[in-house]
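Examining the three-dimensional arrangement
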Amino acid sequence: TARNRNLSGLMAEVLNREIICLLQTLGEVAQETGCHAYAVGGFVRDLLLHIKNLDLDVVIEGDALAYAKKLGKKLGGKVRTHEKFGTAVVKLPDGFKIDIATARLEYYEYPAAMPTVELSSIKLDLYRRDFTINAMAIHLNPDTFGTLVDFFNCQNDLKDRQIRILHNLSFVEDPTRIFRAIRFEQRMGFKIGRHTEKLIKNAVKMELFDRFFGHRFFNELISILSEENPIPAIHRMADLGLLRFLHPTLRIEPKLATILEETRQALAWHRLLYLDEPCRQWLVYLLALMSSLPVREVVVFCERFEVPLRHRQFLGREKLAVTRIAAIMKRAMPETPSGMYHLLKDLSPEGLLHLMGLLKKKGCKKAISLYVTDWRQLKPETDGNDLAEMGYRTGPLYGTILRCLLDARLDGLVHDRASETAFIKEHFSLPDQ
Ligand code: CTP
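With respect to the helices, strands and loops of the structure, C364 is situated in helix α19 (residues 362–373). Distance in space between the C-alpha atoms of C364 and D63 is 60 Å, their sequence separation being 301 residues.

Structure (structure tokens):
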């Protein structure tokens, strides 16, 4: 039997009014449709930890598609359904998304290790989940609104800060869960339980992953590398013998450990200064992890994990460019800011941070950081209209003059409009009148 406890008080403490009203509406629509609605997974886990998590996963005992349509109508949201999986997403007018799934009895195509007939579908739905901490639900129907549904004593594991699977076949069913275990352990400062860790080691020994590549696995890797500080999780992957599934030669040697740490510092610096410049942290860490591999091995990796084409192209291009630039900078740094500017100007923010993570010398880091903070924003004050007014004929010459002017500005040869005008007159003769 489920251990029942009402979480309405906790909800009022942790969540704002709007979300609670939304949850109540979800329950009312369930009542009207004659089904049961539950909030499940990370939302419940985080609520019990007093953390606000706005990823709302809802499980319906009944027809989730009919439910989603009704909900969409009531809230004026857009509904997208996946008939085949019995799932739907309702997107509210303010952009808030609710994932809705049907609690089904048969979910995986393997013989389940228990008598399914005895279980209600929410119970089985929860039993099929990755870890006990993610296997609780909150009933949303009006009569029982806020009741915690905890069939497997999951609250205890949450209290003991343990990551535990629910049944021994969990990793066989879905080996990507091994990466999830590590991510949750490191993110929340929990510990993978003894038995669960043993099962992970068994799975690694059995080379269970050799059959499981592909994009689901890659998505879990992205999630790990997107955590605030993924380095402890990377070390844990190494300890458990998992890095070699990314690539057979991947090891955390002192050199890679240093690169990862330097990468973390570069990312922290960038985040502090450029909060609104988009930079995909996971790509920077992935480039760092792969820094010792030749490009063709990165191509092999991308194929094995079905990395989407846009990421493949990006990884290949930035890796090649950064490797080339790092070699140049190690040999001889450009002597002028303009030289540095032209070396770096085609790199993405991710490429720039990867480069910072690779280079140890203070001078190199300083030059890249100056490029990021100052040089890349620099523009001459003179523009095409000014050149026309000065009497230059429109044409390719304009581009040449403006490029030279930018270099002069970078190198401190000009610093305002007047000195720019003088510079132009000195170096570019006007056409004969
Ligand atoms: N789940 C699972 N097995 C997986 C992936 C997900 O059982 N391989 C279940 C878990 O119950 C999880 C829920 O689906 O709680 C939602 O998955 P997801 O959104 O990926 O994870 P969250 O637990 O919400 O974690 P996060 O905070 O990282 O979003």
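On to the site of the ligand. Close to the ligand lie 16 residues; R45, D130, D174, R183 and R187 are nearest. R129 has a polar side-chain atom sitting 3.0 Å from an oxygen atom of the ligand. Side-chain polar atom of R177 to a nitrogen atom of the ligand: 3.3 Å apart, as the coordinates give it. Elements that contribute at least two residues to the shell around the ligand include exactly α3 (42–48) and α8 (176–188). Looking at which element gives the most residues to the shell around the ligand, the answer is α8, with 6 residues. Of the residues that constitute the shell around the ligand, the class distribution is 1 nonpolar, 4 polar and 11 charged.

A word on unusual backbone geometry. The backbone of N153 shows a phi angle near 60°, a positive value even though the residue is not glycine. Inspection of the secondary structure assignment puts N153 in the loop between β8 (147–149) and α6 (154–159). Positive phi outside glycine occurs at E306, with the angle close to 50°. Following the sequence through the fold, E306 ends up in the loop between α15 (295–304) and α16 (309–331). By relative accessible area, E306 is classed as partly exposed at 45%.

This next bit is on the domain arrangement of the protein. Domain boundaries assigned for the protein yield domain 1 (5–160), domain 2 (253–377) and domain 3 (384–427). The distance between the C-alpha centroids of domain 1 and domain 3 comes to 64 Å.

Taken together, 8 strands build an open sheet; the order of strands is β1-β8-β7-β2-β3-β6-β5-β4 and the sheet is mixed. This sheet does not close on itself; its edge strands, each paired only once, are β1 (5–6) and β4 (78–82). Relative to strand β7 (residues 137–139), strand β2 (residues 36–40) runs antiparallel, the two being bridged by 3 bridges. By the bridge assignment for β7, V40 is matched with A137. The sheet strands contacting helix α2 (residues 17–33) are β2, β3 (56–61) and β6 (97–102), and the helix crosses β3 at an angle near 15°. Sitting on the sheet, helix α4 (residues 64–75) is in contact with β2, β3, β4, β5 (87–91) and β6, with an inclination near 155° to β6.

Turning next to the environment of T373. By secondary structure assignment, the location of T373 is in helix α19. Judged by its relative accessible area of 26%, T373 falls in the partly exposed class. Between the C-alpha atom of T373 and that of E297, which follows or precedes it by 76 residues, the distance is 34 Å. Other than its neighbours up to four places away in sequence, T373 contacts W269, L273 and Y274.

Within the fold, P175 resides in the loop between α7 (170–173) and α8. You can call P175 buried: its relative accessible area is 2%. Along the sequence, P175 and S121 sit 54 residues apart, while their C-alpha atoms lie 24 Å from each other.

Scoring rules and cut-offs
- Numbers given to residues run from 1 along each chain, matching the order in which its sequence is written.
- Per-residue local features are limited, in this predicted model, to residues with pLDDT of at least 70; the limit for side-chain atom pairs, both in listing and counting, is 80 or more; totals at the level of whole chains, interfaces and linings are taken over all residues.
- By convention in this description, side-chain values take in all heavy atoms of the structure and omit both hydrogens and water.
- Strands here are runs of E lasting at least two residues and helices are runs of H or I lasting at least four, both read from the DSSP assignment and numbered beginning at the N terminus.
- Nearness is judged by heavy atoms alone; a residue qualifies as near a molecule or strand once a single heavy atom is within 4 Å of it.
- Within 3.5 Å is the distance limit for a polar contact, defined as a pair of N or O atoms, with the added protein rule that one can donate a hydrogen and the other accept it, and that residues adjacent in sequence qualify only through two side-chain atoms.
- Under the scheme applied here, ten amino acids are nonpolar (Ala, Val, Leu, Ile, Met, Phe, Trp, Tyr, Cys and Pro), four are charged (Asp, Glu, Lys and Arg), and all others, including Gly, are polar.
- Note on classification: 1.4 Å probe, protein chains only; a residue is buried when its accessible area is under 20% of the maximum for its type, exposed when over 50%, partly exposed between these limits.
- Segment limits for the domains were obtained from an automatic or database-derived domain assignment.
- By definition, two strands form a pair when at least two bridges between them are found by DSSP.
- Residue contacts are counted whenever heavy atoms from the two residues lie within 4.5 Å of one another.
- Between N-to-C directions, angles span 0 to 180 degrees; the directions come from axes that are lines fitted to C-alpha atoms, helices contributing only their stretch in contact.

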